[in-house]
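Commentary on secondary and tertiary structure
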Amino acid sequence: MSHEIRTPMNAIVGASHLLSGTALTSQQSDYLQTLMISADLLLKVINDILDFSKIEAGKLEIERVEFSVRDVVEEILSVYSARAEQQGLELSVELDPEIPPSLLGDPMRLSQILNNLLSNALKFTRHGYISISVRLASRDGASAELLFAVRDSGIGMLADEQAQLFQAFTQVDGSITRTYGGTGLGLAICRRLCAVMKGEIWCESVAGLGSTFSFRLPFGIASVRGQVPQHRESRVGRFRQQHVLLVEDNQFNQKVALALLERAGLQVSVAGNGADAVEQVKRNDFDLVLMDIQMPVMDGLTAARHIRALDRPGAASLPILAISANAMERDVEASLAAGMNAHIAKPFTPGTLYGAIAVWLDDDGAVPTRGEANDMAEASPAGQTLPRVDFETGVRQTGGDRRLYLDLLGQFEFEYREQGEEIEGEVAAGRLDEAARLAHSVKGIAGVLAAQPLQRAAQRLESALKGEGESAQALADFRLELKLTIAFLRAGVEREAQE
């Protein structure tokens, strides 16, 4: 069912992005905005169901990387502060100064819990306030337990209603379902995430007076150190007519992907099934293949295996990226096992697509334009829409001098843009210790510059290179995240400098 839902969603999301770049009347723009908002809401429902399924099946992986609780909370506030202001609500945050500045845990899942609780608070609060507090509950050597609380002055609940809160697909009563909407999955996911992370969540509420959702989670304590490199001259370009084979049987998705690829400056050939793709690779030189998985005649996994087995120069190293509505972990693993280099889940945004392609076409000097960079700045390997760099936190961490911080970001961009290739070269040569050292260096510098997604990707890569994970996938994720961060810097540094 996930595949059947995601396939048409991919066409809806992609076509909406394409349409937004055309000349529209004011009325058409309003209609399109409604369409895009509705598509985002539907995609959230799909992702909630997928997350719930992963948890139920015991397939959800919890990371252990360095992060800052302050950064996580500030990212969430940046998303919800405008909405709270529009609703006339006071939104405040209180962070215990005793909380260690750098912790070990899963910031993405922590953010998911806080996002859900804050979204619910905004939904059920018509006037008054919402507050977030985080305090250090206990500390013992290399570990710390934090207590989080999201309070609101909303509609509150009766005691018997609270007993149903954390059950899947359940709202407290029918009238709230009709008035406020929702799948009833959010709090169930929060409870299961807390349990998987060895914590707990609970609620205290009074009807008509508001609610307080609290949860405790344990974390490790870490530290972040790094040095910033010297300046290097800039090099700017874009995709330069590299030849891409698009393998897609769905005509709607085919049309959308073709338009996105051509708009990015790529030359595109199209195959309607895996057998056609294999024949085209036999006859033509391609720089990259985008391969759907579920197709008639020959599926994408079989086609990838056939391509890898071809007696043709370059067939073994030709980048093959899976594009599939099958987005479970086992689907990603199956794609990699079939010889593909990476997996892009449908529906994808233009930024996700361009970012993934840029990783594998980088040898030709492909760098996104500013418009593409803005798209890429919205994307991530896991699909979450968070900024790649937190400028305000970065300025604070480098002494409060904004001009110095912007200069350091520029130095990082020019010095480290090829770091993914350097690490890959060390891995290919069997020098895993040196590769891990390079990843560690990026992790530290990214932490200093407040590039949290890149910091986490570098941490995962370092751990994988030390034998604590799948290094091929971690390296692919790191290269993509580095690309996305560089793209964000191109779009953001100039804007920040102007301000």
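Heads up: these notes are all about the structure in this document. Everything numeric here is computed off the predicted structure, so don't read it as measured data.

With respect to the helices and strands, the residue Arg64 is situated in the loop between helix H2 (26-56) and strand S1 (65-67). C-alpha of Arg64 to C-alpha of Leu104: the two residues are 40 residues apart in sequence and 5.5 Å apart in space. When sequence neighbours within four positions are dropped, the list of residues in contact with Arg64 reads Leu104, Gly105, Gly220 and Gln459.

The buried fraction of strand S11 (residues 320-324) amounts to 5 of the 5 residues, a majority that puts the element mostly inside the structure. Every second residue of S11 is oriented toward a common face, with Ile320, Ala322 and Ser324 on one face and Leu321 and Ile323 on the other, all of them buried. Running through helix H10 (residues 300-308), the crossover from strand S10 (residues 288-292) to the neighbouring parallel element S11 is right-handed. Direction of pairing for S11 relative to strand S12 (residues 342-345): parallel, over a ladder of 4 bridges.

Moving on, we get to the pattern of salt bridges. In this structure the tally under the stated criterion is 13 salt bridges. Ionic pairing is found between Glu418 and Arg417, a salt bridge with its closest N-O pair at 3.6 Å. Taking relative accessible area as the criterion, Glu418 reaches 23% and is therefore assigned partly exposed. Arg431 serves as the salt-bridge partner of Glu426, at 2.5 Å between the closest nitrogen and oxygen. Salt bridges here are not isolated pairs; linked through shared partners, they connect Glu66, Lys443, Glu462 and Lys466.

Next up on the list: the environment of Ile293. As for its position among the elements, Ile293 is in the loop between S10 and H10. With relative accessibility at 11%, the residue Ile293 sits in the buried group.

Strand order across the open sheet formed by 5 strands is S9-S8-S10-S11-S12, with parallel pairing between neighbours. Of all the strands in the sheet, just strand S9 (267-271) and S12 have a single pairing partner and so form its edges. The mean angle between the axes of side-by-side strands here comes to 20 degrees, regardless of whether they run parallel or antiparallel. Those strands touched by helix H9 (residues 274-283) are strand S8 (243-247), S9 and S10, and its axis lies near 135 degrees from that of S9.

Moving on: unusual backbone geometry. Positioned with a positive phi, Val297 is a non-glycine residue whose angle comes to about 70 degrees. Relative to the assigned elements, Val297 resides in the loop between S10 and H10.

The residue Ser153 is located in the loop between strand S5 (143-152) and helix H5 (159-162) in this model. At 2.9 Å, the side chain of Ser153 and the backbone nitrogen of Tyr129 are in polar contact. If we skip the residues at most four places from it in the chain, Ser153 touches Thr125, His127, Gly128, Tyr129, Leu209 and Gly210.

It is worth spelling out the nonpolar core at this point. Counting 46 residues, the largest nonpolar core has Leu110, Ile113, Leu114, Leu146, Phe148 and Phe215 as the members making the most contacts within it. Put simply, the parts of the chain that give this core at least two residues each are H2, helix H3 (69-86), helix H4 (107-124), strand S4 (128-140), S5, helix H7 (186-196), strand S6 (200-206) and strand S7 (210-221). Not counting chain neighbours up to four residues away, the residues in contact with Phe148 comprise Val69, Leu110, Leu114, Ser133, Val134, Phe213, Ser214, Phe215 and Phe219. One finds Val442, Leu454, Ala464 and Phe488 within the second-largest nonpolar core, a separate group that totals 33 residues.

Here we come to the packing of H3 against H4. At a minimum axis distance of 10 Å, the contact between H3 and H4 shows a crossing angle of 20 degrees. On the basis of their axis angle, the class for H3 and H4 is roughly parallel. With respect to the hand of their crossing, H3 and H4 are arranged in right-handed fashion. Two secondary-structure elements touch here, H3 through Val72, Val73, Ile76, Tyr80, Arg83 and Ala84 and H4 through Pro107, Leu110, Ser111, Leu114, Asn115, Leu118, Ser119, Leu122 and Lys123.

We now examine the environment of Leu406. If you trace the backbone, Leu406 turns up in helix H15 (residues 402-416). As for Leu406 and Phe391, which are separated by 15 residues in sequence, their C-alpha atoms are 8.7 Å apart.

Next up on the list: helix H16 (residues 419-428). Within H16, burial applies to Gln419, Gly420, Ile423 and Glu426. In an axial view of H16, the angular spread of the buried residues amounts to 125 degrees, which keeps them on one side of the axis. Once H16 ends, the next one or two residues include Gly430, with phi positive near 80 degrees.

Tallying each qualifying case throughout the model produces 3 aromatic pairs. Ring geometry for Phe148 and Phe215: centres 4.6 Å apart, planes at 5 degrees, overall stacked. A residue pair is termed long-range when its members are at least 10 positions apart, and Phe148 in strand S5 and Phe215 in strand S7 qualify at 67 residues. Between Phe412 and Tyr416, the ring centres sit 5.4 Å apart and the planes meet at 15 degrees, which makes this aromatic pair stacked. Of the two residues, Phe412 and Tyr416 both sit in helix H15, 4 residues apart, roughly one turn of that helix. Relative accessible area serves as the criterion here: at 2%, Phe412 is assigned to the buried category.

In terms of burial, H7 is a largely internal element, 8 of the 11 residues being buried. The set of residues buried in H7 consists of Gly186, Leu187, Ala188, Ile189, Cys190, Arg192, Leu193 and Cys194. Note on H7: the residue one or two positions beyond its end, Lys198, has a positive phi of about 65 degrees.

Definitions and limits used
- Residues numbered from 1 in each chain as written.
- Predicted model: local features only at pLDDT ≥ 70, side-chain atom pairs only at ≥ 80, totals over all residues.
- Heavy atoms only, no water.
- Helix = DSSP H or I, 4+ residues; strand = E, 2+ residues; numbered from the N terminus.
- Contact = heavy atoms within 4.5 Å.
- Buried < 20%, exposed > 50% of the residue type's maximum accessible area, 1.4 Å probe, protein only.
- Right-handed = clockwise from strand over helix to strand, strands pointing away.
- Pairing = 2+ DSSP bridges.
- Salt bridge = Lys/Arg side-chain N within 4 Å of Asp/Glu carboxyl O.
- Axes fitted to C-alpha atoms, helices over the stretch in contact; angles between N-to-C directions.
- Polar contact = N/O pair within 3.5 Å; in protein donor to acceptor, adjacent residues only side chain to side chain.
- Core = buried A, V, L, I, M, F, W, Y, C linked by side-chain atoms within 4.5 Å.
- Parallel < 35°, antiparallel > 145°, perpendicular 65-115°, else oblique.
- Left-handed = near helix turned anticlockwise from the far one by under 90°.
- Arc of directions from axis to C-beta.
- Phe/Tyr/Trp six-rings, centres within 6.5 Å; stacked < 30°, edge-to-face > 60°.

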